[in-house]
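Below, each chain spelled out in residue letters.
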Number of protein chains: 2
Amino acid sequence: MTINENKRPRGRPRGFALGAAVEAGQHLFHEHGYENVSVAALTEAIGITPPSFYAAFGSKAAFFKETLRLYSATVVPLDRFLTPGAAPMAALGDMLRAAAHAYTTSPQRRGCLILEHAKAGTTDWGIAAKQIAGENRSRVAQFLDDAEIKASGRVADYVATTMLGLSAAAREGWDQPRLLAVADTAAEALLCRSALEE
Amino acid sequence: MTINENKRPRGRPRGFALGAAVEAGQHLFHEHGYENVSVAALTEAIGITPPSFYAAFGSKAAFFKETLRLYSATVVPLDRFLTPGAAPMAALGDMLRAAAHAYTTSPQRRGCLILEHAKAGTTDWGIAAKQIAGENRSRVAQFLDDAEIKASGRVADYVATTMLGLSAAAREGWDQPRLLAVADTAAEALLCRSALEE
DNA sequence: TATTTTCGTTAATGGTCATTACACAACCGC
DNA sequence: GCGGTTGTGTAATGACCATTAACGAAAATA
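This is a predicted model, so every value here is computed, not measured.

1. What about the UniProt feature "DNA-binding region" (unreviewed entry) in chain A?
Here's step 1: Here the UniProt-annotated "DNA-binding region" (unreviewed entry) positions come out as residues 38-57 of chain A.
Here's step 2: Between the C-alpha atoms that bound residues 38-57 of chain A the distance is 15 Å, and the span itself is 80% helix and 0% strand.

Take a look at the structure:
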């Protein structure tokens, strides 16, 4: 809850909606990548000028972290798939298929905003993305541990790598059926593996 | 054979070796990415000044394509694994393991130079990387077709996505055992799948 | 209405970038 | 030696970038 819109400060009220601004920025960052989106492009998309932008968000990097928060809260909610009761491998397969679907629904904004920014070396915005990606990976491992799956870390790494691959393939322009077929193949592999281990 | 070093042109001879320059540039591009390597950094690493660079290579993008050619010719030679006689799925598994190994051998230069540059939208250097990646993918599909594997395209896409994921995970900093375990898991999945289809 | 507080706009600041005139230096055939 | 040809170094060019003073405008409280 870093953005608070329901207060009533004393001076002149802001002339634009914070939420809509973050959403517009999220779309731009997702389509072109952090480094290829200039502050001028952001302010033009929002409909304001640079000083308003800096007064509201502090910096381009801070604004980007805001868009990361919005993205991880709205797109691909992991908890929808990692419900404690479900069959573990089937749940992971559904998650992969959902990712393949989400990564290709918008012709712009392909792939995963978080994963595609989790490689930038030591920039603070890259670290922020890397941290969210790591948290989600831990959640998958914890889910597998709770389901008493052997080698939970290994399976979690396999799923994480597959999602990285799906995101990268989506950014390369693969269409939705193609990506869904890959997700299906990986999902079958998970079931096949769990069958062998029993 | 775009670079010819054994001629004897008329004017003043070049004061540096083209091959060494391309190799130095390949290392820089691999470590930091095309956009994060300035011409100043390139010329300093080579030991020359910008005019010499432009006289020899024409532009930063053209020089990058040269490094791509060198990379695809030296690292990960596909034909070593896609030999017509071998067991197809085992060969693909070996290829994945070799990729996991190659992507993590140098602490700098993680991942695949080609795959990591095959996402940039419509820049000419991104298109060049995308084209090489596509050619290699076609070679895998052809290999599977020749081995009379059902759904060769689907399997080739799965392998390509896995390599994309391995490259991205390597860039995120995963260590070699972790990446090799993922490659093993994917390799087992390929064998498991082919066993089911019979 | 007077005061306060915050907003928005214009226009700059300092930085980095890829690329290139220009002048000089080194090699060829003669 | 000499003219033609080509590489190299110094120093600039123009473009774009993130960020910020300075100032006028608008709204809320009193």
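2. Quick word on the layout of surface pockets
Here's step 1: For the largest pocket, the calculated volume is near 1100 Å³.
Here's step 2: Lining the largest pocket are 40 residues, and of these N36 and E116 of chain A together with E35, E116 and K119 of chain B lie nearest its centre.
Here's step 3: Contributions of two or more residues to the lining of the largest pocket are made by α1 (18-32) of chain A together with α1 (18-32), α6 (113-116) and α7 (124-146) of chain B.
Here's step 4: When residues of the lining of the largest pocket are assigned to their parent elements, the largest contribution, four residues, is made by α1 of chain B.

3. Remarks on the state of the cysteines
Here's step 1: Taken as a whole, this structure holds one disulfide over all chains when the rule is applied.
Here's step 2: The side chain of C192 of chain A participates in a disulfide bridge whose partner is C192 of chain B; the two sulfur atoms lie 1.4 Å from each other. Residues C192 of chain A and C192 of chain B are joined by a disulfide whose S-S torsion is about -60°; by sign, that bridge is left-handed. One end of the pair, C192 of chain A, is in helix α8 (residues 176-196); the other, C192 of chain B, is in helix α9 (residues 176-196), on a second chain.

4. Re the protein's contact with DNA strand D
Here's step 1: Close to DNA strand D lie 20 residues; V39, Y54 and K60 of chain A together with R10 and G15 of chain B are nearest.
Here's step 2: The sugar-phosphate share of atoms of DNA strand D within 4 Å of the protein amounts to 67%.
Here's step 3: Separating a phosphate oxygen of DNA strand D from a backbone N or O atom of V37 of chain A is a distance of 3.4 Å.
Here's step 4: In this structure, Y54 of chain A approaches DNA strand D through a side-chain N or O atom, which is 2.3 Å from a phosphate oxygen.
Here's step 5: Of all the elements in the fold, those that place two or more residues in the surface near DNA strand D are α3 (50-57) of chain A together with α3 (50-57) of chain B.
Here's step 6: For the surface near DNA strand D, a count of residues per class yields nine nonpolar, five polar and six charged.

5. Some points on the protein's contact with DNA strand C
Here's step 1: With respect to spatial proximity, 22 residues lie near DNA strand C, and among them R12 and G15 of chain A together with V39, Y54 and K60 of chain B are the closest.
Here's step 2: For DNA strand C, the backbone portion of the atoms within 4 Å of the protein, that is sugar and phosphate, comes to 70%.
Here's step 3: Contacts to DNA strand C include T49 of chain A, whose side-chain N or O atom sits 3.1 Å from a phosphate oxygen.
Here's step 4: Contacts to DNA strand C include K60 of chain B, whose side-chain N or O atom sits 2.8 Å from a phosphate oxygen.
Here's step 5: Elements that contribute at least two residues to the surface near DNA strand C include exactly α3 of chain A together with α3 of chain B.
Here's step 6: Looking at the surface near DNA strand C, the element that brings in the most residues is α3 of chain B, giving three residues.
Here's step 7: Among the residues forming the surface near DNA strand C, the class breakdown is nine nonpolar, six polar and seven charged.

6. Quick word on the relation of the copies chain B and chain A
Here's step 1: In screw terms, the move from chain B to chain A is a rotation of 179° and a rise of 0.1 Å along the axis, fitting with an RMSD of 0.1 Å. Classification of the inter-copy transformation places it as that of a two-fold axis. Looking at the rotation axis and the C-alpha trace of chain B, the residue lying nearest is G165 of chain B, at 1.9 Å.
Here's step 2: Comparing interface residues between copies, 100% of those in chain B also lie at the interface in chain A; the contact surface is shared.

7. Regarding the pattern of salt bridges
Here's step 1: Evaluation of the coordinates by the stated rule reveals 18 salt bridges over all chains.
Here's step 2: For R154 of chain A, the salt bridge identified is with E188 of chain B, shortest N-O distance 3.4 Å. Placement of the pair is R154 of chain A in helix α7 (residues 152-172) and E188 of chain B in helix α9, with the two residues belonging to separate chains.
Here's step 3: Residue D184 of chain B is joined to R97 of chain B by a salt bridge in which the shortest nitrogen-to-oxygen separation is 2.6 Å. Placement of D184 of chain B in helix α9 and of R97 of chain B in helix α5 (residues 88-102) is noted, with a sequence separation of 87 residues between them.
Here's step 4: Its relative accessible area of 26% is what places D184 of chain B among the partly exposed residues.
Here's step 5: Judged by relative accessible area, which is 29%, R97 of chain B ranks as partly exposed.
Here's step 6: Each member of the salt-bridge network shares a partner with another, and the members are E116 and K119 of chain A together with E116 and K119 of chain B.

About the cut-offs
Residues numbered from 1 in each chain as written. Chains lettered and ligands numbered in written order. Predicted model: local features only at pLDDT ≥ 70, side-chain atom pairs only at ≥ 80, totals over all residues. Heavy atoms only, no water. UniProt positions renumbered as here; feature names shortened; annotations may be inferred. Helix = DSSP H or I, 4+ residues; strand = E, 2+ residues; numbered from the N terminus. 1 Å grid on protein atoms, 1.4 Å probe; cavity = no way out; pocket = protein on both sides within 12 Å on 5 of 7 lines; lining within 4 Å. Points joined across faces, edges and corners; volume = space filled by probe spheres on them. Disulfide = S-S within 2.5 Å. Near = heavy atom within 4 Å. Polar contact = N/O pair within 3.5 Å; in protein donor to acceptor, adjacent residues only side chain to side chain. Nonpolar A, V, L, I, M, F, W, Y, C, P; charged D, E, K, R; others polar. Least-squares fit on C-alpha atoms with pLDDT ≥ 70 in both. Contact = heavy atoms within 4.5 Å. Salt bridge = Lys/Arg side-chain N within 4 Å of Asp/Glu carboxyl O. Buried < 20%, exposed > 50% of the residue type's maximum accessible area, 1.4 Å probe, protein only.

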